[in-house]
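# Structural description and commentary
Each chain, written out:
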Amino acid sequence: MSQPAANTVILGIETSCDETAVALVDADRRIVAERVLSQLKEHRSYGGVVPEIAARAHLDYLDGLIRDCLAEAKLGFADLAGIAATAGPGLIGGVIVGATMAKAIALAHDLPFVAVNHLEGHALTARLTDDVAFPYLLLLVSGGHCQLLSVEDVGIYRRLGTTIDDAVGEAFDKTAKLLGLGFPGGPAVERAALKGDATRFPLPRPMLGRPGCDFSFAGLKTAVRQAAERIGPNGDSAEQDVCDLAASFQAAVGDVLVDRCRRAIDVFAEQHRGPVSLVIAGGVAANLYLRQRLAGLEARLIAPPPRLCTDNAAMIAWAGQERLKRGLTDGLDIAPRPRWPLDPDAQAVIGRAKIGAGVKV
Ligand code: KG4
Ligand code: ZN
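Quick caveat, the model's predicted, so the values are computed rather than measured.

### Brief notes about the packing of helix α5 (residues 168-178) against helix α6 (residues 185-193)
Running from amino to carboxyl end, α5 crosses α6 at an angle of 65°, the nearest separation of the two axes being 8 Å. Taken together, the axes of α5 and α6 are roughly perpendicular relative to one another. Seen along the crossing, α5 lies across α6 with a hand that is left-handed. Residue-level inspection shows F172, D173, T175 and A176 of α5 in contact with α6, the latter providing G185, G186 and V189. Here the residues of the contact of α5 with α6 are counted per class, giving three nonpolar, three polar and one charged.

Pasting the structure below:
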């Protein structure tokens, strides 16, 4: 490993879901050290993430991971330029653990603190990996989100489209559960689909060809459930049937994402000069089949390596770099937020809604 740029290293902490992650990233876009601990065994028997268990596990693991990263980089807290932590959106218990740890380190060592929006971490990853210039078009596809955004600058996002019901990662996870492929669902569906016939099940392509750039996955999810009940009414489907349904589902998602992105590229091109860069980010962007489908569009596709698409702390440390460079630091009194949309339209919806009103943003 080459030496990090002196005194520019930021410690990033990510604890918004079931990955406890820590990373050190310098101002020259070098990931100096990183750790991602997926809490698979803690949650597997429940078939999904249990928020209270996740928060407790973050508490157990976090200080050890920080110590490991600093030791690997041969750095102490005094050598750091700042601390960045996810302050939302996410499972609030876990977010509180990570943000509080970061604030305590910042206070004890008199370091700048940056409260990072987890979605901004995903959104800016392509600038860490590929030095992409603003503005660019972003397809953000994760367990909780499915959005098309125009990324104008750090902190300036305009929404072109969003899901009106489920997130695409959620659809992958539900499909995996229905097909008995276990948890986590996305990678399991992708693996099964490799051995399947994508033309066998004629599944719907919600929103395909509709005006605008919004998404919908609820109808597809229902169709997958009905097909799964037909092939294995007692949860006893044959392996080939499972692979065929996984492949048919993934192909339907691919068709929808390609259609929606094609429209967003047109909208984006009308508003900005020059060739369009399409960045994909979030856990679902790790899917190689979907990456291949999106590569066929008329835009320069930037897809970070799969390990930086799923939750990690390098993206949080990098968002910290981008913010610190612009003087955008936060006070230690900033409160963690379970919901925190990137774009002003969705922020306005949250502002009007009561907590827990079930607003999808
Ligand atoms: O960004 P992420 O790690 O966490 C959130 O912020 O939500 O995304 C997790 C989501 C899960 O729904 C997971 O099933 C999905 O990303 N995912 C995938 C793949 N890897 C992770 N979906 C499809 N194919 C994959 N290879
Ligand atoms: Zn994420």
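### Quick notes on the coordination of the zinc ion (ligand 2)
Within the first shell, the zinc ion (ligand 2) binds the protein through H118 (NE2), H122 (NE2) and D311 (OD), at distances of 2.1 to 2.2 Å. If you list the donors of the zinc ion (ligand 2) from N- to C-terminus, the spacing comes out as H-x3-H-x188-D. Highlighted residues: H118 in helix α4 (residues 118-130) and D311 in the loop between α10 (306-309) and α11 (314-325), separated in sequence by 193 residues.

### Focus on the pairing of strand β9 (residues 277-281)
Counting buried residues along β9, five of its five residues qualify, which places the element largely inside the surrounding structure. Side chains S277, V279 and A281 project from β9 onto one buried face, and the interleaved L278 and I280 project onto a second face that is buried too. Relative to β9, strand β6 (residues 136-141) is paired through four bridges, and the arrangement is parallel. Bridge pairing links L137 to L278 in β9.

### A closer look at empty space enclosed by the protein
Taken as a whole and assessed by the stated rule, the structure comprises one cavity of 30 Å³ or more. Estimates place the volume of the largest cavity at around 30 Å³. As for the largest cavity, its lining consists of L139, V141, L257, I280, V284, A285, N287, L290, R291 and L294. Counting residues per element, the ones that place at least two in the lining of the largest cavity are β6 and α9 (288-294). For the lining of the largest cavity, the element with the highest residue contribution is α9, accounting for three residues. When its residues are assigned to classes, the lining of the largest cavity shows eight nonpolar, one polar and one charged.

What counts and how
Residues numbered from 1 in each chain as written. Chains lettered and ligands numbered in written order. Predicted model: local features only at pLDDT ≥ 70, side-chain atom pairs only at ≥ 80, totals over all residues. Heavy atoms only, no water. Axes fitted to C-alpha atoms, helices over the stretch in contact; angles between N-to-C directions. Helix = DSSP H or I, 4+ residues; strand = E, 2+ residues; numbered from the N terminus. Parallel < 35°, antiparallel > 145°, perpendicular 65-115°, else oblique. Left-handed = near helix turned anticlockwise from the far one by under 90°. Contact = heavy atoms within 4.5 Å. Nonpolar A, V, L, I, M, F, W, Y, C, P; charged D, E, K, R; others polar. Donors = N, O, S within 2.8 Å, 3.2 Å for Na, K, Ca; no water. Buried < 20%, exposed > 50% of the residue type's maximum accessible area, 1.4 Å probe, protein only. Pairing = 2+ DSSP bridges. 1 Å grid on protein atoms, 1.4 Å probe; cavity = no way out; pocket = protein on both sides within 12 Å on 5 of 7 lines; lining within 4 Å. Points joined across faces, edges and corners; volume = space filled by probe spheres on them.

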